[in-house]
Amino acid sequence: MNSDSDLQIAGDILEVPHLLQPAREHPVTVAEFAGLARGIAADRSQWAHLVQYDAATRWYHRLRTGPGYEVWLLSWVPGQGSGSHDHGRSSGVLTVLQGELTERTERAARTLGSGAQRVFAPGYVHEVVNDSLEPAVSLHVYYPGLTEMPMHTARCEARAPHDPVTA
Ligand SMILES: [Fe+2]
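Model, not experiment: these values are computed from the prediction.

This paragraph deals with the sheet that holds strand E7 (residues 127-129). Strand pairing in a sheet relies on backbone hydrogen bonds, with the paired strands running either antiparallel or parallel. Ordered by their spatial adjacency, 3 strands build an open sheet running E5-E4-E7, and the pairing between neighbours is antiparallel. Unpaired on one side and paired on the other, strand E5 (109-112) and E7 mark the two borders of the sheet. Here the strands of the sheet are splayed against their neighbours by 20° on average, with no regard to which way each runs.

Right, dumping it as structure tokens:
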């Protein structure tokens, strides 16, 4: 911030919409894709009635498409997981809509509760699993749309920093 500047914004900028750029119909930036996912997450009428749970295979449904992007709804019964994978040339935003998921990478394991978001770039490798005792639902935005999901044979097993590394 430039402390020499006399420029100040008086009042709430959101109350002067004529000064703001018009909202884009489709997201373009990472923040806009994350915002799209948050908007869908907050409005259960857009997705809750569509969710199905399938104990045999992970259930998924393409919720929306736009120029260059796709939005997928996934459900996870306890114990279901993705296996270690990347997303080809796609970037993505993962948002937990309901329940709890665990994301594992080579470096870390994270518990993602309802509302949690992860943004990833092409080449990012992770494994997502429902380690909880309740079903979970997640939303996945891919840009460009997911055309491949290469599986990685080595499992993502993050270790605590002082754990001995075993072969
Ligand atoms: Fe993924």
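With that settled, consider the sheet that holds strand E2 (residues 69-76). An order of E1-E2-E8-E3-E6 is seen for the 5 strands of this open sheet, with the pairing classed as antiparallel. At either end of the open sheet lies a strand with only one pairing partner, and these are strand E1 (59-66) and strand E6 (117-120). Adjacent strand axes in the sheet meet at a mean angle of 20°, parallel and antiparallel pairs treated alike. Running over the sheet, helix H1 (residues 30-42) touches E1, E2, strand E3 (91-98), E6 and strand E8 (136-143) and is turned about 20° from E3.

For the iron ion, every protein donor is listed as His 85 (NE2), His 87 (NE2) and His 126 (NE2), and the spread of their distances is 2.1 Å. All donors of the iron ion come from a single chain, and their spacing in sequence reads H-x1-H-x38-H. Remark: His 126 occurs in the loop between E6 and E7 and His 87 occurs in the loop between E2 and E3; sequence separation between them is 39 residues. Of the two residues examined, His 87 and His 126, each falls in the buried class.

With that out of the way, let us pick up the pairing of E6. Of the two faces of E6, the one holding Arg 118 and Phe 120 is buried and the one holding Gln 117 and Val 119 is not buried anywhere. Of the pairings in the sheet, the one linking E3 to E6 comprises 4 bridges and is antiparallel in character. Bridge pairing in E6 links Gly 92 to Phe 120.

Take Asp 43: it is sitting in the loop between H1 and E1. Exposure remark for Asp 43: the relative accessible area of 30% places this residue in the partly exposed category. Through-space distance from the C-alpha of Asp 43 to that of Leu 97 is 10.0 Å; in sequence the pair is 54 residues apart.

The next subject is the UniProt feature "binding site: Fe cation" (unreviewed entry) in the protein chain. Per the UniProt record, "binding site: Fe cation" (unreviewed entry) is annotated on His 85, His 87 and His 126. Across 42 residues, the annotated set stays spatially compact, with a maximum C-alpha separation of 9.4 Å. Mapped onto the elements, His 85 comes out in the loop between E2 and E3. What makes His 85 buried here is its relative accessible area of 4%. When sequence neighbours within four positions are dropped, the list of residues in contact with His 85 reads Tyr 124, Val 125, His 126, Met 149, Pro 150, Met 151 and His 152. For His 85, the side chain forms a polar contact with the side chain of Ser 82, separated by 3.3 Å. A distance of 3.1 Å separates polar atoms of two side chains, one belonging to His 126 and the other to His 87.

By secondary structure assignment, the location of Asn 130 is in the loop between E7 and E8. By relative accessible area, Asn 130 is classed as buried at 1%. There is a polar contact of 2.7 Å between the side chain of Asn 130 and the side chain of Ser 132. In this view, Asn 130 contacts Trp 76, Val 77, Pro 78, Gly 79, Gln 80, Glu 100, Leu 101, Pro 135 and Ala 136; residues no more than four positions away in its chain are not counted.

Scoring rules and cut-offs
- Residues numbered from 1 in each chain as written.
- Predicted model: local features only at pLDDT ≥ 70, side-chain atom pairs only at ≥ 80, totals over all residues.
- Heavy atoms only, no water.
- Pairing = 2+ DSSP bridges.
- Helix = DSSP H or I, 4+ residues; strand = E, 2+ residues; numbered from the N terminus.
- Axes fitted to C-alpha atoms, helices over the stretch in contact; angles between N-to-C directions.
- Contact = heavy atoms within 4.5 Å.
- Donors = N, O, S within 2.8 Å, 3.2 Å for Na, K, Ca; no water.
- Buried < 20%, exposed > 50% of the residue type's maximum accessible area, 1.4 Å probe, protein only.
- UniProt positions renumbered as here; feature names shortened; annotations may be inferred.
- Polar contact = N/O pair within 3.5 Å; in protein donor to acceptor, adjacent residues only side chain to side chain.

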